[in-house]
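Chain by chain, the residues:
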Amino acid sequence: MEKGNHTLAEKYLVLWPQRQSQYERILSELEARDYAEGASGSFLNEVGRRLLAEHKPNKTSSELSDFIMFVNSEYGNNPSDDNDLEVAFIHYLPDPRIDTEVAALLSPKVRAEVDKEWDWRSEPDGRAFVNRVLAAFPELEALTVGLTHGRENDVLTTSFTSRICYKLVKNVIANTPGELEETKQLLTHLTNEYGANSYVDFLIENSFLGMLPRTTEPGYNIVELLGPKLEAAYRKHWNIDDNQPLTNT
């Protein structure tokens, strides 16, 4: 058990002792899962996320203000604690350009980290790939829900590509003519994308081919639809000999 991790929560409870029972509940739950060292981060995340969820722009509550002051005082002192604070709270802070009241409370170090998160852009080749897929299949816009990040709402390309994989596997399991046709069209699109750009190849290899079901899992027969180019990439990714059949059919 890492004492440093617990110290963060203990320090905050000095400021807001009324949160003690909340921390004890989280600690008890995680001790039961043999993960007590995660209690401080989970506690700070739960408190911070709720304070932000209840926050109205430029109307900062007293506890949110105190919480930010606490984060300011601790951030930059210890790399492990910094990571906990970033994951639990800092990366959820509102855009400083919009919520100027919260921005005014941030220390220079915390503000720099918040700005870095909001300034984040996805890999340009990845953005172009997502745009091409959505232009060809506008119905896949639904797969981007919850996957945007930064001020420009860039799509998280690896997660988006994985969602395409899961969708096509579900289509194959459903086995209806419409869903199978959609699967074939998307696989044709991915085939045409593959080999033209190293970053897109990385996405297809790791977030699509690398996420397909294994031989004993439902939907594995999607490998029969890959076509020569993607099948070769699939075999290479999983180190499957060219002479070994992928399925028994």
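1. Considering the environment of His-55
In this fold, His-55 is placed in the loop between α3 (39-54) and α4 (62-74). Sequence spacing of His-55 and Pro-94 is 39 residues, and the spatial spacing of their C-alpha atoms is 9.9 Å. Dropping the residues within four chain positions of it, His-55 is found in contact with Thr-60, Leu-64, Asp-99 and Val-102.

2. With respect to the pattern of salt bridges
Under the counting rule described, the total for this entry stands at 14 salt bridges. For Arg-19, the salt bridge is made with Glu-63, and the minimal N-O distance between the two is 2.9 Å. Remark: Glu-63 occurs in helix α4 and Arg-19 occurs in the loop between α1 (3-15) and α2 (20-32); sequence separation between them is 44 residues. As far as burial versus exposure is concerned, Arg-19 and Glu-63 are alike and both buried. Between Glu-29 and Arg-25 there is a salt bridge whose closest N-O contact spans 3.5 Å. Within this pair, Glu-29 and its partner Arg-25 are both found in helix α2, separated by four residues, close to a single helical turn.

3. A look at the packing of aromatic side chains
For any pair of aromatic rings, the description consists of the separation of the ring centres together with the inter-plane angle of the planes. Tallied over the full model, the rule gives seven aromatic pairs. Measuring from centroid to centroid gives 5.3 Å for Tyr-23 and Phe-43, while their planes differ by 75 degrees, and the two rings are edge-to-face. Within this pair, whereas Tyr-23 is found in helix α2, its partner Phe-43 is found in helix α3, the two being separated by 20 residues in sequence. You can call Phe-43 buried: its relative accessible area is 0%. Through a chain of ring-to-ring contacts, three or more aromatic side chains come together here, namely Tyr-12, Tyr-23, Phe-43, Phe-67, Phe-70 and Phe-89. It is Arg-49 that lies over the ring of Tyr-92; its NZ or CZ is 4.0 Å from the centre.

4. Quick notes on the packing of helix α8 (residues 124-136) against helix α10 (residues 177-193)
Orientation of α8 relative to α10, taken along the N-to-C sense of each, is 145 degrees, at an axis distance of 11 Å. When the axes of α8 and α10 are compared, the crossing they make is right-handed. Touching Phe-129, Arg-132, Val-133 and Ala-136 of α8 are His-189, Leu-190 and Glu-193, all from α10. Its residues assigned to classes, the contact of α8 with α10 shows four nonpolar, one polar and two charged.

5. Overview of the nonpolar core
Counting 34 residues, the largest nonpolar core has Phe-160, Phe-208, Leu-212, Leu-226 and Tyr-234 as its most contacted members. Considering each element in turn, this core owes the most residues, six residues, to helix α9 (residues 157-174). Not counting chain neighbours up to four residues away, the residues in contact with Tyr-234 comprise Leu-209, Leu-212, Pro-213, Tyr-220, Val-223, Leu-226, Ile-240 and Leu-246. By size, the runner-up hydrophobic cluster in this structure holds 31 residues, among which are Leu-44, Val-71, Ala-88 and Ile-90.

6. What about unusual backbone geometry?
The backbone phi angle of Asn-153 is positive, close to 55 degrees, even though this residue is not glycine. Along the chain, the position of Asn-153 falls in the loop between β1 (148-149) and β2 (154-155). Positioned with a positive phi, Asn-175 is a non-glycine residue whose angle comes to about 60 degrees. As for its position among the elements, Asn-175 is in the loop between α9 and α10.

7. Observations concerning the side chain of Ser-162
With respect to the element layout, Ser-162 can be found in helix α9. Non-local contacts of Ser-162, meaning those with residues more than four positions away in its chain, are made with Ser-207 and Met-211.

8. Observations concerning the environment of Arg-151
Within the secondary structure layout, Arg-151 lies in the loop between β1 and β2. Each C-alpha atom of the pair Arg-151 and Cys-165 lies 27 Å from the other, and the pair is 14 residues apart in sequence. When sequence neighbours within four positions are dropped, the list of residues in contact with Arg-151 reads Asp-95, Pro-96, Arg-97, Asp-115, Trp-118 and Asp-119. Here the side chain of Arg-151 touches Asp-95 through a polar contact of 2.8 Å, side chain to side chain.

Each value, and the rule that gives it
Residues numbered from 1 in each chain as written. Predicted model: local features only at pLDDT ≥ 70, side-chain atom pairs only at ≥ 80, totals over all residues. Heavy atoms only, no water. Helix = DSSP H or I, 4+ residues; strand = E, 2+ residues; numbered from the N terminus. Contact = heavy atoms within 4.5 Å. Salt bridge = Lys/Arg side-chain N within 4 Å of Asp/Glu carboxyl O. Buried < 20%, exposed > 50% of the residue type's maximum accessible area, 1.4 Å probe, protein only. Phe/Tyr/Trp six-rings, centres within 6.5 Å; stacked < 30°, edge-to-face > 60°. Lys NZ or Arg CZ within 6 Å of the ring centre and 35° of its normal. Axes fitted to C-alpha atoms, helices over the stretch in contact; angles between N-to-C directions. Left-handed = near helix turned anticlockwise from the far one by under 90°. Nonpolar A, V, L, I, M, F, W, Y, C, P; charged D, E, K, R; others polar. Core = buried A, V, L, I, M, F, W, Y, C linked by side-chain atoms within 4.5 Å. Polar contact = N/O pair within 3.5 Å; in protein donor to acceptor, adjacent residues only side chain to side chain.

Honestly, that's just the spatial picture; any functional story needs more than this.
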